[in-house]
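# Report on the structure
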There are 2 protein chains.
Amino acid sequence: VDVQAVRAAAARIEGRVWRTPTLRCPALDALCGAELWLKAENLQRIGAFKARGAMHAVGKLDAAVRARGVVTYSSGNHGQAVALAARDYRVPAFVAMPVDAPPVKLSAVRALGAEVVLAGTTSAERRDEALRLREGTGATIIEPFDQLEIIEGQGTATLELLDDVRAATGGGLDALVVPVGGGGLIAGACLACSGTPTRIWAVEPQGCDAMGQSLARGERVMVPPAPTLADGLKPVQVGELNFAIARERLAGALTVDDAEMGRALVQLLLLAKVLVEPSGAAALAAALRGLDGKPRRVGVILSGGNLEPSLLATLLSTHATTRAGQ
Amino acid sequence: VDVQAVRAAAARIEGRVWRTPTLRCPALDALCGAELWLKAENLQRIGAFKARGAMHAVGKLDAAVRARGVVTYSSGNHGQAVALAARDYRVPAFVAMPVDAPPVKLSAVRALGAEVVLAGTTSAERRDEALRLREGTGATIIEPFDQLEIIEGQGTATLELLDDVRAATGGGLDALVVPVGGGGLIAGACLACSGTPTRIWAVEPQGCDAMGQSLARGERVMVPPAPTLADGLKPVQVGELNFAIARERLAGALTVDDAEMGRALVQLLLLAKVLVEPSGAAALAAALRGLDGKPRRVGVILSGGNLEPSLLATLLSTHATTRAGQ
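Described in the following lines is the structure provided in the data block. Please read all numbers here as calculations on a predicted model, not as lab measurements. (Residues numbered from 1 in each chain as written. Chains lettered and ligands numbered in written order. Predicted model: local features only at pLDDT ≥ 70, side-chain atom pairs only at ≥ 80, totals over all residues. Heavy atoms only, no water.)

## Side note on the overall build of chain A
Note the following rule: Working definition: helices are DSSP H or I runs of at least four residues, strands are E runs of at least two. Numbering for both runs from the N terminus. Here the globule rule reads 2.2 Å times residues to the power 0.38, and the radius of gyration is calculated from C-alpha atoms. When accessible area is computed with a 1.4 Å probe and restricted to protein chains, residues below 20% of their type maximum are described as buried, those above 50% as exposed, and intermediate ones as partly exposed. Contacts between residues were defined by any pair of non-hydrogen atoms, one from each residue, lying within 4.5 Å. Here, Shrake-Rupley sampling with a 1.4 Å probe gives the accessible areas, and only protein chains in the shown set may cover a residue. We count Lys and Arg on the positive side and Asp and Glu on the negative side, and we leave His and both chain ends out. Here the site of a charge means atom NZ of a Lys, CZ of an Arg, CG of an Asp or CD of a Glu.
Along the backbone of chain A there are 14 helices and ten strands. Scaling as 2.2 N^0.38, a compact globule of 326 residues should have a C-alpha radius of gyration of about 20 Å, and chain A matches this with 18 Å. C-alpha extents for chain A along the principal axes are approximately 55 × 45 × 40 Å. Relative to its full complement of 326 residues, chain A shows a buried share of 61%. A fraction of 70% describes how many contacts in chain A between residues 6 or more apart in sequence connect residues 24 or more apart. Here chain A displays about 11,700 Å² of accessible surface, and carbon together with sulfur accounts for 50% of that area. Side chains of chain A carry 34 positive and 33 negative charges; the gap between the two charge centres is 4 Å.

Here it is, written out as structure tokens:
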């Protein structure tokens, strides 16, 4: 039943988001001692997997409800994703963003035709503003991660990965490594992997391990996020629905530090020839450290590719000591 | 008949090289004023389309002949491609390379199991050494570009691109832009586009326009290459067979300078999230300048992605003024 919901989501968003490629890179395989299958969501529309969930959630609304518009709150890629989905469905979008959001992020959301409303600096302030916008406009809230339609939509990335691995090998994945912020991507991965023996690993930045601590405690824990390069992975708490789905299914949670993510980012660039953001390199960083049980065939989700050129330049000068690929 | 030969090549190399993705990037479309279909051969094995032709040429040899080994001469990606094909077919490979080749290129060829023989600094010296190696070993020469099996193999990249465009749109390409060194990739593109109205454009670096000058003169011209960032595009002369195939079919030849290639490389990185080498950015650079006849649907071949991190860092600091993508 779980995987059927993800398949239904895939059917709904087909043609509206891209079927991103699954990449192979023997040079990275050699570094990992495993066969890596890299799901390149950095090549997705808006440069991140977030387009999937938003397109599904907006698409699944009743047409009359959708016509009143959608509203969300975000400091990152989800705002762009909802703006994109609203533009595709030709309905209004409102996005509550922090007053200190980088101008490029504001202009990216506006360029997609959404109305940006600035609201404080915390996620709670943005959510309050979104609720007010809903009252004022009749628009429907599209949650960043704690909503079933979002989870099912994000699960389509894993579904495609599994399909590609099966088509190429006839088999499945021994392990799957997924970066975790609020838990939309990993809860979707859990649904997509229903009925398979794939061991699913959550990866979080050091000091932002809300999922790891929640798994250890058996209930959701608030973790004030520590500074991290992975700005997409710092919600203070994983979603309720996300935790309920993931806690039963995960093999465990791992943390990676900034140096590991920076190194993995540069290796993906120079060896696999794709650009990811630090969050997008987190899963590879964990795989490079070695996974429990020494899985042979490992899925790695490259969640997104949006980063500042200046950060890329810094990471390149710090970590570039190798090149070439096969 | 022409396209059938390319289809046969595709069948022969299937599973031995990768079916690289065709990427879409609305942000680049907007800059170009056209619908771009980017064939990502930077994501190919060894990081360049060269794997296709070499795999086809080596695979098509009679098994008894192949068992004596293969030999080639190269300062770039073709040496790695032949080494890869020989390793896949479990036969010896010999690669004549210049004495001043960068250590990373030598070690990449050696890492694939080939024997590197250093020979002078010019292409003629390397070719002489390859002929000597053939005499000594009974190995078969695999030409870098002037050989039908190589051309047919490189043509499979265009074939896949056309298939992807047809699957997505039901139609074909109005134009196709292809970087030219010796002419293997573009001659293959001409074969693959047989019977279609697609206008095919050759792109060369300024001062290395051997194809452009040859088309203008109606016969092959030697052009001592000027300095260029695009080290893959500086053979002094296009191949005989390559010219014979391309001269009847090309819409024309264009040149781009280092600044245009550098800018296109950084735009591909930040907007399309893929890393290409300067040669690999040449076709986009030409498309960005605007093509004759204002084609709507334009194929762009990203030929490879192997470059030095230090060059990437330099180009990034020179050209990075924008970010984000959709």
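Structure's up, so let's keep going.
## Section: the pairing of strand 3 (residues 70-73) of chain A
Residue and element names in this part refer to chain A. The line we're drawing: When DSSP finds two or more bridges between a pair of strands, those strands are recorded as paired.
Both faces of strand 3 are covered, namely the face carrying Val-70 and Thr-72 and the face carrying Val-71 and Tyr-73. Direction of pairing for strand 3 relative to strand 4 (residues 93-97): parallel, over a ladder of four bridges. Its bridge partner being in strand 4, Val-71 is matched across the sheet by Phe-94. Here two bridges tie strand 3 to strand 6 (residues 140-141), and the two strands are oriented parallel to one another. Bridge pairing in strand 6 places Val-70 opposite Thr-140.

## So, the pattern of salt bridges
All names here are of chain A. Quick note on the threshold: In what follows, salt bridge is the name for a side-chain nitrogen of Lys or Arg lying within 4 Å of a carboxyl oxygen of Asp or Glu.
As enumerated under the stated definition, the model contains 34 salt bridges over all chains in all. For Arg-134, the salt bridge identified is with Glu-135, shortest N-O distance 3.8 Å. Assessed through its relative accessible area of 35%, Arg-134 is described here as partly exposed. Through salt bridges with shared partners, one network takes in Lys-39, Glu-41, Arg-52 and Glu-160.

## Quick word on the environment of B:Cys25
Within the secondary structure layout, B:Cys25 lies in the loop between strand 1 (22-23) and helix 2 (26-32). Given the relative accessible area of 3%, B:Cys25 is considered buried. Here the alpha-carbon distance between B:Cys25 and B:Gln44, two residues 19 residues apart in the chain, equals 19 Å. With residues near it in sequence (within four places) discarded, B:Cys25 still touches A:Trp18, B:Leu38, B:Leu271 and B:Ala272.

## Here we look at the interface of chain B and chain A
Worth spelling out the cut-off: As a working definition, buried area equals the accessible area (1.4 Å probe) given up by two parts on being put together, with both sides summed. Here a polar contact is recorded for every N or O atom pair within 3.5 Å, except that within protein the pair must consist of a potential hydrogen donor and a potential acceptor, and residues adjacent in sequence are included only if both atoms are side-chain atoms. Residues are grouped as follows: nonpolar covers Ala, Val, Leu, Ile, Met, Phe, Trp, Tyr, Cys and Pro; charged covers Asp, Glu, Lys and Arg; every other residue, Gly included, is treated as polar.
Taken residue by residue, the interface counts 35 residues in chain B and 33 residues in chain A. Here chain B and chain A share an interface that buries about 2,800 Å² over both sides, 65% of which is from carbon and sulfur atoms. Our count for the contact surface shared by chain B and chain A stands at zero salt bridges. On the surface where chain B and chain A come into contact, there are six residue pairs in polar contact (both at pLDDT 80 or more). For the side of chain B that touches chain A, the secondary-structure elements that each account for two or more residues are helix 5 (77-88), helix 12 (258-272) and helix 14 (309-319) of chain B. Sort the elements by how many residues they give to the side of chain B that touches chain A and helix 14 of chain B lands first, with four residues. Class assignment of the residues belonging to the side of chain B that touches chain A gives a composition of 21 nonpolar, eight polar and six charged.

## Quick word on the sheet that holds strand 5 (residues 115-118) of chain B
Residues and elements named next belong to chain B. Going by this rule: In this description, a line fitted to the C-alpha atoms serves as the axis of each element, helices being fitted only across the stretch in contact, and the angle between N-to-C directions of two axes falls anywhere from 0 to 180 degrees.
Across the sheet, which stays open at both edges, the four strands sit in the order 5-4-3-6 with parallel pairing between neighbours. Here the strands that pair on one side only, and so sit at the sheet edges, are strand 5 and strand 6 (140-141). In this structure, strand 4 (residues 93-97) lies alongside strand 5, joined through four bridges in parallel fashion. Bridging across to strand 5, Ala-96 finds its partner in Val-117. Against the sheet, helix 7 (residues 123-137) touches strand 3 (70-73), strand 4, strand 5 and strand 6, its axis set at about 170 degrees to strand 3.

## Quick word on the sheet that holds strand 8 (residues 199-205) of chain A
Residue and element names in this part refer to chain A. One open sheet holds the six strands; their spatial order is 1-2-10-7-8-9, and the pairing between them is mixed. In this open sheet, the two edge strands, each paired with only one partner strand, are strand 1 (22-23) and strand 9 (250-256). Inspection of the sheet shows strand 2 (residues 35-40) paired to strand 10 (residues 297-302) by six bridges, in the parallel sense. Paired with Lys-39 across the two strands is Ile-301, which belongs to strand 10. Against the sheet, helix 10 (residues 210-217) touches strand 8 and strand 9, its axis set at about 135 degrees to strand 9.

## Some thoughts on the relation of the copies chain B and chain A
Note the cut-off: Least squares is used to superpose the copies, and the fit set is the C-alpha atoms of residues whose pLDDT is at least 70 in both copies.
Mapping chain B onto chain A leaves a residual RMSD of 0.0 Å; the transformation is a rotation of 180 degrees accompanied by 0.0 Å of translation along its axis. Expressed as an axis order, the relation between the two copies is that of a two-fold axis. Taking C-alpha positions as reference, the residue of chain B nearest the rotation axis is B:Val274, located at 2.2 Å. A high fraction, 94%, of the interface residues of chain B reappear at the interface in chain A, so the copies pair face to face through one surface.

## Observations concerning the packing of aromatic side chains
Going by this rule: Aromatic rings from Phe, Tyr and Trp, taking only the six-membered ring of Trp, are treated as a pair when their centres fall within 6.5 Å; an angle between ring planes under 30 degrees marks them as stacked, one over 60 as edge-to-face, and anything in between as tilted. Whether a charge lies above a ring is judged from NZ of Lys or CZ of Arg, which has to be within 6 Å of the ring centre and within 35 degrees of the ring normal.
According to the stated counting rule, one finds zero aromatic pairs over all chains in the structure shown. A cation sits over an aromatic face here: A:Arg24 above A:Trp37, 4.5 Å from the ring centre.

## Quick notes on helix 5 of chain B
Since the α-helix packs 3.6 residues into each turn, any two residues three or four apart lie on the same face. Residues and elements named next belong to chain B. Threshold: Given the number of residues in a helix, its expected span is that number minus one, multiplied by 1.5 Å.
When the terminal C-alpha atoms of helix 5 are compared, their 17 Å separation across twelve residues agrees well with the 16 Å that a helix rising 1.5 Å per residue should span. Buried residues dominate helix 5, accounting for ten of its twelve residues. For helix 5, every residue scored as buried is listed here: Asn-77, His-78, Gly-79, Gln-80, Ala-81, Val-82, Ala-83, Leu-84, Ala-85 and Ala-86. Among the structural elements, helix 3 (50-60), strand 3, strand 4, helix 6 (103-111) and helix 8 (148-169) are those in contact with the buried residues of helix 5. Within two residues after helix 5, Arg-90 carries a phi angle of roughly 55 degrees, on the positive side.

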